[in-house]
Amino acid sequence: MTIFKNYIFLLILSGILIITSSFYSIDNVCLSRQEVELYNLINSYRNTKGLNKVNLSKSLTYVAQIHAWDLAENNPDKQRCNMHSWSESKKWEGCCYTSDHKKAECMWFKPRELTNYTGIGYEVAFYSTYLSDHKKFSLAALQAWKKSKGHNDILINDDDWKGLRWEAMGVGIYKNYAVVWFGDEVDEETKADQCF
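Report on the accompanying structure. It should be emphasised that the depicted structure is a prediction, and the values quoted were computed from it without experimental measurement.

Parameters at a glance
- Residues numbered from 1 in each chain as written.
- Predicted model: local features only at pLDDT ≥ 70, side-chain atom pairs only at ≥ 80, totals over all residues.
- Heavy atoms only, no water.
- Disulfide = S-S within 2.5 Å.
- Helix = DSSP H or I, 4+ residues; strand = E, 2+ residues; numbered from the N terminus.
- Buried < 20%, exposed > 50% of the residue type's maximum accessible area, 1.4 Å probe, protein only.
- Phe/Tyr/Trp six-rings, centres within 6.5 Å; stacked < 30°, edge-to-face > 60°.
- Core = buried A, V, L, I, M, F, W, Y, C linked by side-chain atoms within 4.5 Å.
- Contact = heavy atoms within 4.5 Å.
- Pairing = 2+ DSSP bridges.
- Axes fitted to C-alpha atoms, helices over the stretch in contact; angles between N-to-C directions.

**Some remarks on the state of the cysteines**
- In total, this model carries 3 disulfides according to the counting rule given.
- For cysteine 30, the disulfide goes to cysteine 195, at an S-S distance of 1.9 Å. Looking down the S-S bond of the cysteine 30 and cysteine 195 bridge, the torsion is 100°, so its handedness is right-handed. On the criterion of sequence distance, the pair formed by cysteine 30 in strand E1 (residues 30-31) and cysteine 195 in the segment after strand E5 (193-194) is long-range, its members being 165 residues apart.
- Overall, the relative accessible area of 25% leaves cysteine 30 in the partly exposed class.
- Cysteine 195 gets classed as partly exposed once you look at its relative accessible area, which sits at 43%.
- Each sulfur of the disulfide joining cysteine 81 and cysteine 96 lies 2.0 Å from the other. Measuring handedness by torsion sign, the sulfur bridge of cysteine 81 and cysteine 96 sits at about -105° and is left-handed.

As structure tokens, this is what we get:
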């Protein structure tokens with residue numbers, strides 16, 4: 001009986017390791033229905049402003065999904081650290097991103113750190129504890145970003161972002177977090193499958 005229990009334990013452990021290691025592989029990137037919905041909502045909003053549709057980026061989606069997971073599981077956004085912060089990991093450099101933007105490079109260079117994407121990445125992030133409906137969550141994220149001038153400027157390339165043209169976008173949603181990354185360089189890794 002003990003051998004059987006040990007065997008079951010090893011099977012469960014190996015399953016957990018496979019799931020964890022596959023999560024950290026860009027080869028396994030796929031978008032949930034909710035992530036596709038948020039991607040489409042942002043492009044529809046941009047369209048109302050006469051802006052280009054931003055291509056889906058597999059690399060930036062990978063970064064977005066990892067960051068949404070990191071925010072939900074490791075909570076680096078505590079005290080003075082905002083949602084652009086990252087926990088310490090063997091896979092990436094951690095940092096506390098503060099409102100004075102002193103550690104902006106920690107965010108900007110995450111795509112280079114985690115993928116072959118050579119451009120700089122810019123992120124918008126959203127958190128909510130009260131929305132369980134997937135469609136409402138994506139819409140609430142977009143509405144929150146539209147109401148915040150700094151976030152809205154990134155979405156529609158206004159003000160400080162006017163001189164840039166977004167060529168790549170990645171989306172990650174995990175638990176109560178939605179994260180979207182933009183880049184002004186084309187991503188060679190454009191093929192991100194849907195998980196559904």
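**What about the packing of aromatic side chains?**
- According to the stated counting rule, one finds 9 aromatic pairs in the structure shown.
- Both rings, one in tyrosine 122 and one in tryptophan 166, keep their centres 5.5 Å apart while their planes meet at 40°; by these two values the pair is tilted. Pair noted here: tyrosine 122 is in strand E2 (residues 121-127) and tryptophan 166 is in the loop between helix H7 (149-155) and strand E3 (168-174), with a separation of 44 residues, a long-range link.
- Measuring from centroid to centroid gives 5.4 Å for phenylalanine 126 and phenylalanine 137, while their planes differ by 65°, and the two rings are edge-to-face.

**Comments concerning the nonpolar core**
- The biggest cluster of nonpolar side chains holds 51 residues, and the ones touching the most others in it are Ile42, Trp145, Leu155, Val180 and Phe182.
- Elements represented by at least two residues in this core include exactly helix H2 (33-48), helix H3 (58-74), helix H4 (104-108), E2, helix H6 (134-147), H7, E3 and strand E4 (177-183).
- Looking at this core element by element, the count peaks at 8 residues for H3.
- Setting aside its immediate chain neighbours within four residues, valine 180 contacts Leu38, Ile42, Tyr122, Glu123, Val124, Trp145, Met169, Gly170 and Val171.

**Quick word on the sheet that holds E3**
- Strand order in the open sheet made by the 3 strands is E2-E4-E3, with antiparallel pairing throughout. Strands at the two margins of the open sheet, each flanked by one partner only, are E2 and E3. With direction set aside, neighbouring strand axes in the sheet form an average angle of 15°.
- As paired elements, E3 and E4 share 7 bridges and run antiparallel to each other. From the neighbouring strand, tyrosine 174 faces E4, where its bridge partner is tyrosine 177.
- The sheet contacts of H3 involve E2, E3 and E4, and relative to E3 the element is tilted by about 30°.

Read these as geometric descriptors, not functional statements.
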